[in-house]
Amino acid sequence: MTEELMEVFRGELFGVWFLIGAALVFWMQAGFAMVETGFSRAKNAGNILMKNLMDFCIGCCMFILIGFGLLLGEDVLGFIGKPGLDIFTAYESFDWSNFVFNLVFCATTATIVSGAMAERTKFLSYCVYSGVISALIYPIEAHWIWGGGWLAEMGFHDFAGSCAIHMVGGIAALVGAKMVGARIGKFEKDSSGKIVKVNAFPGHNIVIGALGVFILWLGWYGFNGAACTSLEQLASVFVTTTIAPSVATVVCMIYTWVHYGKPDVSMCLNASLAGLVAITAPCDVTDAFGAIVIGAVAGLLVCFGVWFLDYKLHIDDPVGAVAVHMMNGVWGTIATGLFATTKAPGNDTMDGLFYGGGFSLLGVQVLGCVAVAAWTVITMCIVFAIIKAIFGLRVSEEEEIEGLDTMEHGLASAYAGFSIVDMTEAAMITNENTSLGVSEYDEASEAMRNASVPVNNMVDTVSGTPLASPINKVVIVTKLSRYDKIKRALNDLGVTGITVTQVTGCGIQKGAGQMYRGVEMDMTLLPKIKLEVVVSKIPVDAVIEAAKKALYTGKIGDGKIFVYPVSRVVKIRTGEENYDALQDVE
């Protein structure tokens, strides 16, 4: 009796864990939303959030109508499940847990595409795609694997979805990104139409992107672990699900550090997800050594994938969805045939090639990959072609430049109250060496001083001579790093009042060849400060000389000084004007 009670309790316990796992997988939608938003530009943040929300909501509607039946309905010839409406006609005996669990997996498949097609896809067209993949494309191939279909009969193993979810979503992303085309300015072409340069579009908020990765990693414990049926199996799955992404991230960090000179933040975030994707299929049948190798390959594969899409295929994928999900989905599925071992709890029959199992499991895994990939490529090409013909896939050039938040949703900004500057709208290219050769102000010639910190006086448009005035406003634009030095110099001169504004600007200097996801950036809009001083008693030339001496470093781009004549000054409190109004300010 005690054993029977314990068995019932164990069954109920894992039934509850199954639903908790489903909730964790649902929470991954927030992770996808954060990663895709952070890796894209601010003007499209609201659009991306809306697409991630609608992926789940539209997917739920389609799953109710037909998707769930096609996936887990009575098997028909090993190809599809028999559609039904048991959720309406027999709710009292409906499989509620399986419905919720498979729904959240379906939504994950759909949302992978959002990031790859971000910033230039029509919202209506995306909603249509989301409905179709949730209703037909995902449920049918998932039935082959999990619903008793022909691949399941052959012994194909994909415990949590490297193939059924991630590879399928990644292939759909690849097809969609190819058909919608690259974002404006991503690739530069010569007169013959050949692509000669790849431009980087840095994500506007890597902090949000990192938060998304941590949310996804947390959710992945439910993603991989929810279907476990024993504590030992669950613990082993947690171990492999932790090892693979950790190793992948370290390998990616080392690779980008060596290859690009600095460890790339966004690529390492992608690598964490790549390791998670790769371990998803074999998480229950591999051991720690297998997880280490799978993760290490994933960390390199994601770097290769991002480079290959940019420089060889010339397909624009803003968030790296294809490299993370498609390539590592394939790798994880095949790795199951290499690293499966009966040492893993709950696996009594399955050994991969490297553990003495021969080629049989590996052959089935490869066959399954090819079949599911072929199904996805053919159906997604048809779906996107039909959507393109009826609705169009891409927004207009004006809408893309203006931003989809405004043009598609009437949202002025996803960051109301914040000043958002797009750092990728323009690119200034220079081959000029900006060093003047002398770094000390006192040793520099007058020409060097003027080149480093040029002074622009307002001139009479008729005579061309500088405008004379007893009161002048001096505007100094320089680097943020020079703020303390220029402030002290003006204070020592006797200036007691200044106005300081943080701005962004560009000049002949373009930064130090920084890399973003393996692409060199033209740093065109750099953080600067603008200081404004109005003087009458202190000579303008003294202010200029003090500023030039404080700012000079021997490089073009140290700053600029503008001098404007002021015709009238009024002090609000006392009503004093001009010279008198300034005496307690300087």
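Once a new chain begins, its residue numbering starts again from 1 and follows that chain's sequence as written. Thresholds applied to this predicted model are a pLDDT of at least 70 for local features of residues and 80 or more for the giving and counting of side-chain atom pairs; totals over whole chains, interfaces and linings are not thresholded and use all residues. Side-chain metrics rest on all non-hydrogen atoms present in the structure, leaving aside hydrogens and water.

K.L.:
So what exactly am I meant to see when it comes to the overall build of the protein chain here?
P.N.:
Elements are defined by DSSP. Helices are runs of H or I of four residues or more, strands are runs of E of two residues or more, and each kind is numbered from the N terminus. Within the protein chain, the secondary structure is distributed over 19 helices and 11 strands. For the exposure calls, accessible area comes from a 1.4 Å probe over protein chains only, and a residue counts as buried if that area is under 20% of its type's maximum, exposed if over 50%, partly exposed in between. The buried share among the 586 residues of the protein chain stands at 51%. Two residues qualify as a contact provided that any one of their heavy atoms is within 4.5 Å of a heavy atom in the partner residue. Considering only contacts in the protein chain between residues 6 or more positions apart, those separated by 24 or more positions represent 77%. Approximately 25,800 Å² of the protein chain is accessible, and the part contributed by carbon and sulfur atoms is 64%. Per-residue and other accessible areas were derived by the Shrake-Rupley procedure at a 1.4 Å probe size, with only the shown protein chains allowed to occlude residues.

K.L.:
Would you take a moment to explain the packing of aromatic side chains for this structure?
P.N.:
Aromatic ring pairs: the centre-centre distance and the angle between the two ring planes describe each pair. Aromatic pairs are defined between Phe, Tyr and Trp rings, using the six-membered ring for Trp, whenever the two ring centres lie within 6.5 Å; interplanar angles under 30 degrees are classed as stacked, those over 60 as edge-to-face, and all others as tilted. Following the criterion strictly, the structure yields 25 aromatic pairs and no others. Between Phe-339 and Phe-354 the ring centres are 5.3 Å apart and the planes differ by 75 degrees, which places this aromatic pair in the edge-to-face class. Within this pair, whereas Phe-339 is found in helix α12 (residues 321–339), its partner Phe-354 is found in the loop between α12 and α13 (360–390), the two being separated by 15 residues in sequence. Its relative accessible area of 51% is what places Phe-354 among the exposed residues. Ring-pair connections join several aromatic residues into one group, and the members of that group are Phe-18, Phe-101, Phe-105, Trp-146, Trp-220 and Phe-223. Over the ring of Tyr-126 we find Lys-51, and its NZ or CZ is 4.9 Å from the ring centre. Just above the ring of Tyr-564 sits the side chain of Lys-473; from NZ or CZ to the centre is 5.6 Å. Two thresholds decide whether a charge sits over a ring: the Lys NZ or Arg CZ must be within 6 Å of the ring centre and within 35 degrees of the ring normal.

K.L.:
Explain the state of the cysteines to me, please; I cannot follow it from the model alone.
P.N.:
As used here, a disulfide is simply a covalent bond connecting the sulfur atoms of two cysteines. Working definition: a disulfide is two cysteine sulfur atoms within 2.5 Å of each other. For the structure on display, the rule yields 0 disulfides. Summary of cysteine pairing: Cys-57 is not part of a disulfide, and the nearest cysteine sulfur, belonging to Cys-61, is at 7.3 Å. With relative accessibility at 33%, the residue Cys-57 sits in the partly exposed group.

K.L.:
Would you explain the pattern of salt bridges in this entry?
P.N.:
Pairing between side chains of opposite charge can happen when their charged atoms approach one another. Here, a salt bridge means any Lys or Arg side-chain nitrogen found within 4 Å of an Asp or Glu carboxyl oxygen. Summed over all chains, the structure comprises 9 salt bridges. A salt bridge links Arg-41 to Glu-119, with the nearest nitrogen and oxygen atoms 3.2 Å apart. You can see Arg-41 sitting in the loop between α1 (2–38) and α2 (45–72) and its partner Glu-119 sitting in the loop between α4 (96–116) and α5 (123–146), a full 78 residues away along the chain. Each member of the pair Arg-41 and Glu-119 is classed as buried. Of the charged contacts in the structure, one is a salt bridge between Glu-577 and Arg-568, with a shortest N-O distance of 2.8 Å. The exposure class assigned to Arg-568 is exposed, which follows from its relative accessible area of 54%.

K.L.:
Hey, could you run me through a nonpolar patch on the surface in this one?
P.N.:
Candidate patch residues must exceed 30% relative accessible area and have no salt bridge, after which like charges are joined if within 9 Å and Val, Leu, Ile, Met, Phe, Trp or Tyr side chains if within 5 Å. The grouping of Leu-124, Ile-378, Ile-382, Ile-386, Ile-390 and Phe-391 at the surface amounts to a nonpolar patch, some 580 Å² of accessible area in total. When residues of the nonpolar patch are assigned to their parent elements, the largest contribution, 4 residues, is made by α13. Tracing the backbone shows Ile-382 in helix α13. Residue Ile-382 is classed as partly exposed on the basis of its relative accessible area, which comes to 47%.

K.L.:
Sorry if this is basic, but what is going on with helix α18 (residues 540–551) here?
P.N.:
Each full turn of the α-helix corresponds to 3.6 residues, which orients residues three or four apart in the same direction. Here the expected span of a helix is defined as 1.5 Å times the quantity of residues minus one. Under the 1.5 Å per step criterion, the end-to-end length of α18 is 17 Å for 12 residues, consistent within 8% with the ideal 16 Å. Burial in α18 covers these residues: Val-540, Val-543, Ile-544, Ala-546, Ala-547, Lys-548, Ala-550 and Leu-551.

K.L.:
What's the story with the side chain of Glu-119 in this structure? I'm lost.
P.N.:
Under the relative-accessibility criterion, Glu-119 is labelled buried at 0%. Within the structure, the side chain of Glu-119 is placed 2.8 Å from the backbone nitrogen of Arg-41, a separation counted as a polar contact. Counted as a polar contact is a pair of N or O atoms within 3.5 Å, where, for protein atoms, one must be capable of donating a hydrogen and the other of accepting one, and residues adjacent in sequence contribute only when both atoms are in side chains. A polar side-chain atom of Glu-119 sits 2.9 Å from a polar atom in the side chain of Asn-44. Residues in contact with Glu-119, not counting those within four places in the same chain, are Ser-40, Arg-41, Asn-44, Arg-183, Glu-400 and Leu-404.

K.L.:
Please explain the side chain of Ser-236 as it appears in this structure.
P.N.:
On the secondary structure map, Ser-236 appears in helix α9 (residues 231–260). Ignoring sequence-local partners within four residues, the contact set of Ser-236 consists of Cys-283, Thr-286 and Pro-345.

K.L.:
What is the right way to read the environment of Val-477 from this model?
P.N.:
Position of Val-477 relative to the elements: it lies in strand β6 (residues 472–479). Separated by 80 residues in sequence, Val-477 and Gly-557 have C-alpha atoms that sit 9.9 Å apart. Not counting residues within four places of it along the chain, the set of residues in contact with Val-477 comprises Lys-528, Ile-529, Lys-530, Gly-559, Lys-560 and Phe-562.

K.L.:
Sorry if this is basic, but what is going on with unusual backbone geometry here?
P.N.:
Peptide bonds are trans in most cases, and residues, glycine excluded, mostly fall at negative phi. One non-glycine residue, Leu-77, lies in positive phi territory at about 60 degrees. Within the fold, Leu-77 resides in the loop between β1 (75–76) and β2 (80–81). Given a relative accessible area of 85%, Leu-77 falls into the exposed group. Residue Glu-119 is not a glycine yet carries a positive backbone phi of 80 degrees.

K.L.:
Teacher, can you tell me more about the pairing of strand β4 (residues 195–198) here?
P.N.:
For a regular strand, side-chain orientation follows a simple rule: the groups alternate between the two sheet faces. Paired strands, in this sense, are two strands between which DSSP finds at least two bridges. Pairing analysis gives 3 bridges linking strand β3 (residues 187–189) to β4, with the strands arranged antiparallel. Residue pairing in the sheet places Glu-188 in a bridge with Lys-197 of β4. The hairpin turn running from β3 into β4, its antiparallel successor, is 5 residues long, and Gly-193 in that turn takes a positive phi close to 90 degrees.

K.L.:
Got a minute to help me understand the packing of α9 against helix α10 (residues 265–280) in this structure?
P.N.:
Each pair of packed helices can be described by the angle between their axes along with the distance between the axes. Relative orientation of the contacting elements α9 and α10 amounts to 145 degrees, with a least axis distance of 7 Å. The way α9 lies across α10 gives a crossing that is right-handed. From α9, Thr-240, Thr-241, Ala-244, Pro-245, Ala-248, Thr-249, Cys-252, Met-253 and Thr-256 reach across to α10, where they touch Met-267, Cys-268, Ala-271, Ser-272, Gly-275, Leu-276 and Ile-279. Three classes are used: nonpolar for Ala, Val, Leu, Ile, Met, Phe, Trp, Tyr, Cys and Pro, charged for Asp, Glu, Lys and Arg, and polar for all others, with Gly counted as polar. The class makeup of the residues in the contact of α9 with α10 is 10 nonpolar, 6 polar and no charged. For every element, the axis is a line fit to its C-alpha atoms; helices are fit only across the contacting stretch, and the angle between N-to-C directions ranges from 0 to 180 degrees. Handedness of a crossing is defined here by the sense of rotation of the near helix relative to the far one, left-handed for an anticlockwise turn of less than a right angle and right-handed for a clockwise turn.

K.L.:
What am I meant to see in the confidence of the model for the protein chain here?
P.N.:
The predicted coordinates of low-pLDDT regions are not to be read in fine detail. Across the chain, each position has a pLDDT score giving the predictor's confidence in that residue, from 0 to 100. A residue-level look at the protein chain finds 89% of positions with pLDDT of 70 or above and a mean pLDDT of 88. Taken as a whole, residues 425–434 scores under 50 in pLDDT and shows 21 contacts with residues more than four places along the chain or in a different chain.

K.L.:
Looking at this structure, I do not really get the packing of helix α11 (residues 288–313) against α12. What am I missing?
P.N.:
For the pair α11 and α12, the least separation of the axes is 9 Å and the interaxial angle reads 150 degrees. The angle between α11 and α12 falls in the class roughly antiparallel. For α11 against α12, the interelement crossing comes out right-handed. Touching Phe-289, Gly-290, Val-293, Ile-294, Val-297, Ala-298, Leu-301, Val-302, Gly-305, Val-306, Phe-308 and Leu-309 of α11 are Val-322, Ala-323, Val-324, Met-327, Asn-328, Trp-331, Ala-335 and Phe-339, all from α12. For the contact of α11 with α12, the class distribution of residues is 17 nonpolar, 3 polar and no charged. Convention used here: angles under 35 degrees read as roughly parallel, angles over 145 as roughly antiparallel, angles from 65 to 115 as roughly perpendicular, and any remaining angle as oblique.

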